Each structure stands twice: as C-alpha cells, then as structure tokens.
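Structural description and commentary
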2 protein chains.
Amino acid sequence: MTSFENRLARRTRNMGASAIREILKVVSRPGMISLAGGIPAPESFPMEVVRELTAAVLDKFGPAAFQYDLTEGFRPLREALVDYLADKGIAATAEHILIASGSQGVLDCLGKILISPGDQVALEAPTYLGALQAFNPYEPAYVQIGTDDQGMLPDALADALSRQPVKFIYLVPTFQNPTGRTLPMKRRRAIADIIQRFDTLLVEDDPYGDLRYRGTSVPPIKTLAPDHVVYISTLSKVFAPGLRMGFCLAPDLIRQWLVLAKQGVDLHTSTFNQALASEYLTGGHLKRHLPRIIALYRPRQQALLDAMKRFFPDAFTWTAPDGGMFVWVEGPDGMDMEAVNQKAVNRNTAFVPGTFFFARPGDGRHTMRLNYTMADEATLTRAVGILGEVLECAVTKMCSRGRTRSIDGD
Amino acid sequence: MTSFENRLARRTRNMGASAIREILKVVSRPGMISLAGGIPAPESFPMEVVRELTAAVLDKFGPAAFQYDLTEGFRPLREALVDYLADKGIAATAEHILIASGSQGVLDCLGKILISPGDQVALEAPTYLGALQAFNPYEPAYVQIGTDDQGMLPDALADALSRQPVKFIYLVPTFQNPTGRTLPMKRRRAIADIIQRFDTLLVEDDPYGDLRYRGTSVPPIKTLAPDHVVYISTLSKVFAPGLRMGFCLAPDLIRQWLVLAKQGVDLHTSTFNQALASEYLTGGHLKRHLPRIIALYRPRQQALLDAMKRFFPDAFTWTAPDGGMFVWVEGPDGMDMEAVNQKAVNRNTAFVPGTFFFARPGDGRHTMRLNYTMADEATLTRAVGILGEVLECAVTKMCSRGRTRSIDGD
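Values in this document were obtained by computation on a predicted structure and should not be read as measured data.

1. Some words on the overall build of chain A
- The number of helices and strands found in chain A is 12 helices and 15 strands.
- A compact globule built from 410 residues would reach a C-alpha radius of gyration of about 22 Å, and chain A, at 22 Å, matches this within 12%.
- For chain A, the spread of C-alpha atoms along the principal axes amounts to about 60 × 60 × 55 Å.
- In chain A, which comprises 410 residues, the proportion classed as buried is 55%.
- Counting only contacts in chain A whose residues sit at least 6 apart along the sequence, the fraction spanning at least 24 positions is 76%.

Following this line, the structure appears as structure tokens:
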C-alpha cells in the first residue's frame, strides 16, 4: 500500500501544526461550552432578509449570478463596496477592489506573490492564526514585533525594519484576534510614517472594525498611507461567514499580481454569493442589521468580563476591548495553558491556549483567548465560573476535582 | 511612487503568461462571436429550480447554511456525491470526499502540497490551461507526454516515467480540454497498470464526463487504480460554474494534506452553495436537467462540425468528440494561429490559439481550440464561415479583406 509520503513538497512540512484543529474538534463535542471558537453567533445572521436577497438576485441578475465571472470580482459588489469603504474614510474605485474567498483568500494570495522561502514577515506577537496558516506554506521566517496593551509598538517595528529586510508587515489593528486590542490613532500615525519612511508594505487586516460596542472608531491605517497598505476586510462578521466573502484594496502592482494568483487558485469567488452580498449592501440591510449584531454581542462581552472579575484568580490580567469577539488573558509566568485547557475540557468548558497565536513556537504558554460570541450571558457566566476554578487549581496547585464553589443561579 | 516590483516572490514570475487573459478580454467586446471561451451557456443553467433550491436550503438548514463549516466540506453534499460517484462506478464514502472551490481549488492545493521547485509533472500535450495556471506558481518542470487522436500514449508515459522521477501525472481523459479527445478503455487499463507499476500518482480531472452526446461512457481511471488516482470533478458544467463547486476523491494521505492546504487557502468552500448543490443532487434535479443540457449542446456541436466540413480549407484536420465543449483543429505546419486569430478578431470572430495549451512555449502554433457551447447553431455556422475565409487566406497567403464568399442565409 502506497503512502505517497515521499511525494510531498518541501513546503508541506510547514502546514503541519494541527494541534489547534484537534482542540477545535474536541470543542464541537455535544455539551461542551466553547469559548474556543472564533465564529459569529448563528442568531447574528440576517436570516429575515435572506429570502428577499435571493429573490432580488434572481430577479436582477438571473443566470449571470450563476455564470463564471471576472477574477477581480462581481462588478455590482465592487461598486457597493466603494460606499462601504468610503464610510471608513477609505477612498476607492470599483476597479481597485479585489473580491476574494474570505479574507483568508487574500492572505493566501499575498503569501503566494510575496514570500520566497526564508523571506522575513513582520507580525504582532500574538497574531492571527489564520494568517500564519496562509503564509506558512510559502516558507517565510517571522519577525515578532512586540506589543503592549495598545497593540504593536511602533519603536519595535522601526527597530526591526532597520535591522533586516522585511517583505511585509501583517497587522490586525482593530479589535485584534486574539487580543481584542485596538491600535490608537497616535500609533497608527507612527506606523504609517514608518512604512512610508522604510518604503515597505503593510497588510492591514480589518475583519472586526464594525463590531464596536463603545467608544469612537479609529480610521484604518490605509487612510494614512494609502500607497503602502493592503487593506483587507470581510463580510463574515457582519453578514455571514459561510458565504466566504472577503475583499481587499491594494497598491496597483500588488493587486494585479493578486488577480493572477487568484485566477490559479479558484478562478473567482462565487458569483451568486457576491450578488447576495451586493444586494445586502445596496439594499441598506447591513446598516439596518449591524446594530442588532452589536446589541447581541455587547451584553455577552459584558457578562464575560463581569464573570472574569468575579471568578478569575488575582494573578490573572485580561483585556477589556471596545469591540470584536475576543478577550485575551495572561496568567502568571510558568503557567501551562494547554494543560489547563485539558482540565477545563474535562469539565466541558473549552478555550484556545494562547501559544497557538505566536509565530515563535513556545511563546505565550501562559496566555489564553476567550470568545464570547457563541454563548448567551448565563452560559458565559457559568463557563467563566468553571474556568476560574480550573485556573485557581492551576495557580495554587491544590486541584481537587470535587471542590464546589456555587456559580449557577447567581 | 513605490512599485513593490522588487518585493515579489521568485515564484511570481511563473504566473505571468497573461496573453490568454488579453485574448479573452478582447473576446468579450460587444458584437464579437466567440468560439474562444470555455464556459457553459447561461441557458444551460437550471434557473427554473433555483428558487425551489434556495427555499429548500433555507427551510432545511437555516442559519447553518450561512455559518463556517468544516474544511472537508458540507456533510449533506459529501453524502449526495457518494451516489453521484457510484453512478460512475467510483466507490466512495462521504469521509473520503473533499469539497473545493471549483476543481481549480483542488488543482491549486495539489500543486501546493506536492510540487517543490523543479519537480517534474507529466501532462498531455496539449493540456488544460487552468492546470498550468494552478501548478506554475509552485515552480514545476513539465514533461509533455505525447498524444494522438485517442489521447495520451501509454508507451510514451511509461517511457517518461522510466527516464525521470515524476511527482504526478495530470490527465483529462474524457472530452479533454482543449482537444475533446477521450481515452479509450484499453488505454485507461494500460495507464492504470503503468501508474501502479511505477507506484506513482495520477490526477484524473473529469469536468466534462457527463456531457456525452453519443456513444457509451467509459469508466474513470479511478475505478481501475483507486489507490493511485486523485479523481477531480466539478458541478460547473452540469449545474452552474458561478457557484465554484468542485470536489475530489484522493488517497488518504493526499486528502489529509489537501485539507490542511485548503484551510490556509479559504478555510472552506461556501456553505450556502454547497447546500444548494446538495439539494440539486438529492432532489433528483441533476438527473432531470442533464438531458436538457445535452439536448442544447449536441446540435451546436453538430452545427460547428458541419460548418467546418463545409468552410475549412483542405489542409486542416480536427477532432469530432463524442461530448464535452471543444473541437481541436490542426493546420498545416508553419501556420501561426495567433496571427490568424488577430485577423479573425478584426472580423468579430474569436478562438483560442492552441499554443496556450502546451506546457512548452512555442509548441502547437499551428493549432486552435473552438468552443461551441456559447452560441446557437446559426451563429456558429456564420462564425465558422468567417474563420474558413480567414484560414484560407492564411493558407494561400492571398488575403484580401474585401473578398466575399456568401455564408449568411445558407
């Protein structure tokens, strides 16, 4: 029996790290309370308008919605996105927008056209796991740029850029995954200055910017250094992730190569789904629906934060983001959150150990990411209560499975 | 103004060849009669059931059709494809099927997990252009295997495999793009024997197998050497290409790596579109609709072939396929079909010069591919009449633009 193991490309060894996949599989077990996922609540989808949207697409576009289309994207969606981007202060024309199969599709094609084996890519520590999964097959080396409570440190970035050639910088500046942190305006300006000064490329990934629960929005870095930024976003968090609808706005040469790369990857993104997305935007549905998504998530986040304050041991600190889907927790040095997660899973509660979000193996073992979009307030409170117990056990090394501290019914 | 030209990865230079893109852009000009495309007729789409399908998806799956889903694919579609594949003699279980974003998505991921720079990939001469576009970024070397009127020559394949290590063989055995040729059963057996003897991997791409206009179907090579074949197909030609719905059945190890690669590329294929496809299959729509597609294309192909017989100069030969979407034409040696196409385009008629379908630059300059799915019989006849004139001019070198040979109204 043939295994074909020896047929694999050299780059394939870089795609291995599937520990996170195993964790997410465990998490889908019945009865599990999962703070591990990174997915929107199904009740956040605009199901009440979907029939209307499909009817509008069939009436308006007919068979064209089912035909092959340009790699660049379905024209009506690209036009609709011009207005969407203008609301964020980003000036674009339809010709400059490239539609992709999720923002993941942009990240893959960016890796493909930019990364030669061994090339340096600068990113936050911690960073978005999906970006690592997109870039890894192209065999980059990573430069981890230091962060604090306000996100990437501009001085650390400038220092890194002056020390080595960097192909591009990858950044999630708003409600970052996994930390929830948002880069303040002053740092955005500093980073915009740095990328212009070093004439380098910044990939600004902005999937969560619309999910703001308090405070005022901060403009994308794209608005500050348009010629040096690839701006990426998605409708996954404000419409429906299953439609795989991402897009980007890139400097001309980069966009042109992205189109050629994408042609080899999937020819183009689903025309029908692009037509649905264009109707969602042009029909004003996004603007009507977004407040409902926010009204769903804001109290969930609050419940999580309240419960953490109540149940988490003193030795832990965490972020309190103004939006997005995640809270980031740091425990005392030396704590092994993978082991903690195992104990939590035994009590039907799961999270993602933070170490998976670092490019450098072994970093962040004492950290964890909590998601609050997939459970209601009472469930979140119960889950945090259990986590609090497991964490306290881990801290005091005095674990006793039978210990009970009432957390239900509070 | 920054160009970022120096930022591109080494592999990116392999993605260039966009002459074909330019040709296809010209072809979309208003008034152009195009035999150049490779796309299904919009009137072949089952528009009469689409409303029913979307309603069924919403009723049956609700928000789950809009949520993130497994990279491997939407379970109900994978189950539906088990029966679809069984009708072709292919034994599969849902666990072994991987859904992709078009068959292009499979080709890209195969290239990614298998091809290290410089690795040899064996393929037909000519071969499917989209496969070259998928593989090229991974920097393979190509071994062109000779073909004749019945497709790939088994002896030439065995010879190539004994001369050098080949990562995999890529083959479209039924109604091939661009030639329309079908590998007969005897050759399928011979190739199945060869890949088992050399313990190598065959990628069998079968997008057109269902579009048979006459004769009896020939089983996929997958049925003859299941452990050595990655079988790829798509619903693009029998449902709707805009949904980007492809799938594959691969040996276990290959499938597992394909899943990891695909996760980095787009996380998964559109859940909603997969749900639509599963309803199309399980509702019996494909079986009812396919005869209509065939009834649409068969007379178009006949009209094209009849007109070629009538209008093409003696020095030309062509295939008369039992199905699919293409006829392949060979002119006399020394003829430059790119120049001919320019002349044809000036008369609002376009085709694809065959040279684009060869891995080795410069091969096949005297060949052309004609598509017959996108125009009705009268239009095809008129277009072939014009092509016949242009070709005759090219052969006799006695071109005179004003020459008229009545072809309309026949």
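Let us keep going from here.
2. A word on the pairing of strand 8 (residues 201-205) of chain B
Residue and element names in this part refer to chain B.
- Taken across its five residues, strand 8 has five buried, putting it largely inside the fold.
- Going residue by residue along strand 8, you find Leu-201, Val-203 and Asp-205 tucked away on one face and Leu-202 and Glu-204 tucked away on the opposite face as well.
- The handedness of the strand 7 (residues 168-171) to strand 8 crossover, carried by helix 7 (residues 185-197), is right-handed.
- Relative to strand 9 (residues 229-234), strand 8 runs parallel, the two sharing four bridges.

3. Details of the interface of chain B and chain A
- On the chain A side, the residues contacting the 67 residues of chain B number 67 residues.
- Those elements that place two or more of their residues in the side of chain B that touches chain A are helix 2 (47-61), helix 4 (102-114), helix 5 (129-135), helix 8 (252-266) and helix 9 (271-282) of chain B.
- Residue contributions to the side of chain B that touches chain A peak at nine residues, all from helix 8 of chain B.
- Within the side of chain B that touches chain A, the residues separate by chemical class into 34 nonpolar, 21 polar and 12 charged.

4. Things to note about the relation of the copies chain B and chain A
- Between the two copies, chain B and chain A, the superposition gives an RMSD of 0.0 Å; the rotation angle is 180 degrees and the shift along the axis is 0.0 Å. Taken together, the rotation angle and the small translation identify this as a two-fold axis.
- Taken together, the interface assignments show that 100% of the residues at the interface of chain B recur at the interface of chain A, consistent with an identical surface on both copies.

5. What about the sheet that holds strand 10 (residues 245-249) of chain A?
All names here are of chain A.
- If you trace the seven strands from one edge of the open sheet to the other, you get 2-10-9-8-7-3-4, paired in mixed fashion. On the outer flanks of this sheet lie strand 2 (97-101) and strand 4 (141-145), each paired with one strand and no other. If you compare each strand with its neighbour and ignore which way they point, the axes differ by 25 degrees on average.

6. Quick look at helix 9 (residues 271-282) of chain A
- Its 12 residues give helix 9 of chain A an end-to-end C-alpha distance of 16 Å, which sits within 8% of 16 Å, the value for a rise of 1.5 Å per residue.
- For helix 9 of chain A, the buried fraction is high: 11 of the 12 residues fall into the buried class.
- Of the positions making up helix 9 of chain A, those classed as buried are Thr-271, Phe-272, Asn-273, Gln-274, Ala-275, Leu-276, Ala-277, Ser-278, Glu-279, Tyr-280 and Leu-281 of chain A.
- The elements touched by buried residues of helix 9 of chain A are helix 2 (47-61), helix 3 (75-86), strand 2, strand 10 and helix 10 (285-311) of chain A together with helix 9 of chain B.

7. A short note on unusual backbone geometry
- Cis peptide bonds are those with omega within 30 degrees of zero, and the linkage from Asn-177 of chain A to Pro-178 of chain A qualifies with 20 degrees.
- Checked against the element boundaries, Pro-178 of chain A lands in the loop between strand 7 (168-171) and helix 7 (185-197).
- Of note in this structure, Asp-199 of chain B is not a glycine but carries a positive phi near 50 degrees.
- In this structure, Asp-199 of chain B sits in the loop between helix 7 and strand 8.
- Under the C-beta neighbour-count criterion, Asp-199 of chain B is labelled exposed, with 12 such atoms within 10 Å.
- Residue Arg-244 of chain B is not a glycine yet carries a positive backbone phi of 50 degrees.
- Looking at the secondary structure, you find Arg-244 of chain B in the loop between strand 9 and strand 10 (245-249).
- Judged by C-beta crowding, with 31 C-beta atoms within 10 Å, Arg-244 of chain B ranks as buried.

8. Structural notes on the sheet that holds strand 12 (residues 326-330) of chain A
Residues and elements named next belong to chain A.
- Taken together, the four strands give an open sheet; going across it, the order is 11-12-15-14, and neighbouring strands pair in antiparallel fashion. In this open sheet, the two strands that pair with only one neighbour each are strand 11 (317-318) and strand 14 (352-353).
- The pairing of strand 11 with strand 12 spans two bridges and is classified as antiparallel. Paired with Trp-318 across the bridge in strand 12 is Val-329.

9. Notes on the pairing of strand 9 of chain B
- Burial analysis of strand 9 of chain B places six of its six residues in the buried class, which makes it a mostly covered element.
- Residues of strand 9 of chain B alternate between two faces, with Val-229, Tyr-231 and Ser-233 of chain B on one and Val-230, Ile-232 and Thr-234 of chain B on the opposite face, all of them buried.

10. Topic: the domain arrangement of chain A
All names here are of chain A.
- Looking at the assigned domains, one finds that chain A contains domain 1 (17-38 + 288-396) and domain 2 (47-283).
- Domain 1 and domain 2 are separated by 26 Å when their C-alpha centres are compared.
- On the domain 2 side, the residues contacting the 26 residues of domain 1 number 23 residues.
- Of all the elements in the fold, those that place two or more residues in the side of domain 1 that touches domain 2 are helix 10 and strand 12.
- Counting residues per element, the side of domain 1 that touches domain 2 draws most heavily on helix 10, which supplies six residues.

11. Examining helix 7 of chain A
Residue and element names in this part refer to chain A.
- Counted at 1.5 Å a residue, the expected span for helix 7 with its 13 residues is 18 Å, and the 18 Å between its end C-alpha atoms agrees.
- Of the positions making up helix 7, those classed as buried are Arg-187, Arg-188, Ile-191, Ala-192, Ile-194 and Ile-195. The buried side chains of helix 7 occupy one side of the element, clustering within an arc of 165 degrees when seen end-on. Seen from the buried face of helix 7, the exposed residues on the opposite side, beyond 90 degrees, are Met-185, Lys-186 and Arg-197.
- Residues of helix 7 that are buried make contact with strand 6 (151-152), helix 6 (154-163), strand 7 and strand 8 (201-205).
- Looking one or two places after helix 7, you find Asp-199, whose phi comes out positive at around 50 degrees.

12. Some details on the confidence of the model for chain A
All names here are of chain A.
- Averaged over every residue, the pLDDT of chain A is 93; the share at 70 or more is 95%.
- Predicted confidence is poor over residues 401-410, with pLDDT under 50, and the contacts of this stretch with residues over four places away or in other chains come to six contacts.
- Both scores are available for the predicted complex, with the pTM at 0.95 and the ipTM at 0.94.

13. Overview of the environment of Arg-288 of chain A
All names here are of chain A.
- Tracing the backbone through its elements, the reader meets Arg-288 in helix 10.
- The exposed category is assigned to Arg-288, around which 11 C-beta atoms lie within 10 Å.
- Considering only alpha carbons, one finds Arg-288 and Pro-46, 242 residues apart in sequence, at a separation of 9.8 Å.

14. Brief notes about the environment of Glu-79 of chain A
- Position of Glu-79 of chain A among the secondary structure elements: in helix 3.
- You can call Glu-79 of chain A partly exposed: it has 15 C-beta atoms within 10 Å.

15. A short note on the packing of helix 3 (residues 75-86) of chain B against helix 9 of chain B
All names here are of chain B.
- Running from N to C, helix 3 and helix 9 point in directions that differ by 35 degrees, and their axes come no closer than 8 Å. Crossing angle aside, the handedness with which helix 3 passes helix 9 is left-handed. Residues Pro-76, Leu-77, Ala-80 and Tyr-84 of helix 3 touch helix 9, and the partners they reach there are Gln-274, Ala-275, Ala-277, Ser-278, Leu-281 and Thr-282.

16. Quick look at the environment of Met-32 of chain B
All names here are of chain B.
- As for its position among the elements, Met-32 is in the loop between helix 1 (19-27) and strand 1 (33-34).
- Sequence separation of Met-32 and Leu-249 is 217 residues, and the distance between their C-alpha atoms is 39 Å.
- The contacts of Met-32, once residues within four sequence positions are left out, are Val-27, Asn-348 and Ala-350.

About the thresholds
Residues numbered from 1 in each chain as written. Chains lettered and ligands numbered in written order. Predicted model: local features only at pLDDT ≥ 70, side-chain atom pairs only at ≥ 80, totals over all residues. Helix = DSSP H or I, 4+ residues; strand = E, 2+ residues; numbered from the N terminus. Rg over C-alpha atoms; globule rule 2.2 N^0.38 Å. Buried ≥ 20, exposed ≤ 12 C-beta atoms within 10 Å, placed from the backbone. Contact = placed C-beta atoms within 7 Å. Right-handed = clockwise from strand over helix to strand, strands pointing away. Pairing = 2+ DSSP bridges. Nonpolar A, V, L, I, M, F, W, Y, C, P; charged D, E, K, R; others polar. Least-squares fit on C-alpha atoms with pLDDT ≥ 70 in both. Axes fitted to C-alpha atoms, helices over the stretch in contact; angles between N-to-C directions. Expected span 1.5 Å × (residues − 1). Domains from an automatic or database assignment. Arc of directions from axis to C-beta. pLDDT = per-residue confidence, 0-100. Left-handed = near helix turned anticlockwise from the far one by under 90°.

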